[in-house]
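Structural characterization, general
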Amino acid sequence: MSEAKGPVGVIGLGIMGGAIARNLAAAGWHVVGYDIDAQPRAQAAAAGVTLGTSAADVAASAPTILTSLPTPAALSAVVDEIAAAGLPPRLLLEVSTFTLGDKIAAERVLREAGHELLDCPLSGTGAQARTKDLVIYASGDKASIAALRPLFADFSRQAYDLGPFGNGSKMKFVANLLVAIHNVASAEAFVLGMKAGLDPRQIYDLIKNGAGNSRVFELRGPFMAQDRYGGDNVTMKVGMWQKDMSVIGDFARKSGVPTPLFSATEPIYAAAMSTGHAGDDTASVCAVLEAMAGIKR
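Presented here is a report on the structure given in the accompanying data block.

Thresholds applied
Residues numbered from 1 in each chain as written. Predicted model: local features only at pLDDT ≥ 70, side-chain atom pairs only at ≥ 80, totals over all residues. Heavy atoms only, no water. Helix = DSSP H or I, 4+ residues; strand = E, 2+ residues; numbered from the N terminus. Rg over C-alpha atoms; globule rule 2.2 N^0.38 Å. Contact = heavy atoms within 4.5 Å. Areas by Shrake-Rupley, 256 points an atom, 1.4 Å probe, with all protein chains shown as cover. Lys, Arg positive; Asp, Glu negative; His and termini not counted. Charge placed at Lys NZ, Arg CZ, Asp CG, Glu CD. Axes fitted to C-alpha atoms, helices over the stretch in contact; angles between N-to-C directions. Parallel < 35°, antiparallel > 145°, perpendicular 65-115°, else oblique. Left-handed = near helix turned anticlockwise from the far one by under 90°. Buried < 20%, exposed > 50% of the residue type's maximum accessible area, 1.4 Å probe, protein only. Polar contact = N/O pair within 3.5 Å; in protein donor to acceptor, adjacent residues only side chain to side chain.

All right, on to the overall build of the chain then. Tallying secondary structure elements over the chain gives 14 helices and nine strands in all. The C-alpha atoms of the chain give a radius of gyration of 20 Å, which matches the 19 Å a tight globule of 297 residues would have. The principal-axis extent of the C-alpha atoms belonging to the chain is close to 65 × 45 × 35 Å. Long-range pairs, those at least 24 residues apart, make up 68% of the contacts in the chain with a sequence separation of at least 6. In the structure as shown, the chain presents an accessible area of about 12,900 Å², 58% of it carried by carbon and sulfur atoms. Where the 26 positive side-chain charges of the chain centre and where its 28 negative ones centre are 4 Å apart.

Okay, structure coming up:
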């Protein structure tokens, strides 16, 4: 493996972080990764990622670190560990979806320890991450964002500078609000078609080529047509998506913005959680609507 592009750290090697780490390693970066779980560590190592022993160990090995974490508590723990490690200045890219408050608190802790944090959430699914089909909503120091363009190019198809810290997250909230709606709308369309006697594979093929198509339909429609929401089809788990739903809903309420369509999707995702789909892809809302319509496949 070539190390010509230098070292970069990835903390959190799950669906998104793992795909990013593998793509960066394949592109010639010396990737040092860490995850608390053994399985993603093993998968990353098999793809050429050097494993660190802790978040602080990764930060000691790489001046630039990308964090892709599941919860605000995980972010806080990683940030506190790096801040306490007494390291030279480090640049961190936080790509997860958390509240602005969580991101701002992390930025403050790192800044006080002499480090810099950029708010860089991603638009795209796990499947898109595998093929570098991600869009980066970067926000923070302009010069730092510009310097990261070569890195961004090796795990995404486009990166945007949204300006001041936090604007990246605001843009991600807007994008994911639409994802929530498009996903349930796609499932609703499949169920209507199946209830009318149409073949779900035909529904996918014809909608994809017509005016009713959306990027979400293209990405998750195949899972709905297959009636398969686990295994390799998991690009965003329903359980993890509930965190995003809560963040978006809270942001909209605090902003005084009515979200009737977004709000209408909330009980559908909650039903997916309560009917055994927490570990499945969010496309499993189709199974929820099928059950409500009395469809059995």
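For the pair helix α9 (residues 167-195) and helix α14 (residues 285-293), interaxial distance at closest approach is 9 Å and the crossing angle is 40°. Judged by the inter-axis angle, α9 sits oblique to α14. Taken as a pair, α9 and α14 cross one another with a handedness that is right-handed. Two secondary-structure elements touch here, α9 through Asn-183, Val-184, Ala-187, Glu-188, Phe-190, Val-191, Met-194 and Lys-195 and α14 through Val-285, Cys-286, Leu-289, Glu-290 and Ala-293.

In this structure, Ser-54 sits in the loop between β3 (50-51) and α3 (55-61). Ser-54 gets classed as buried once you look at its relative accessible area, which sits at 18%. A distance of 3.0 Å separates a polar atom in the side chain of Ser-54 from the backbone nitrogen of Asp-57. Looking at Ser-54, its side chain comes within polar contact range of the side chain of Glu-81, at 3.4 Å.

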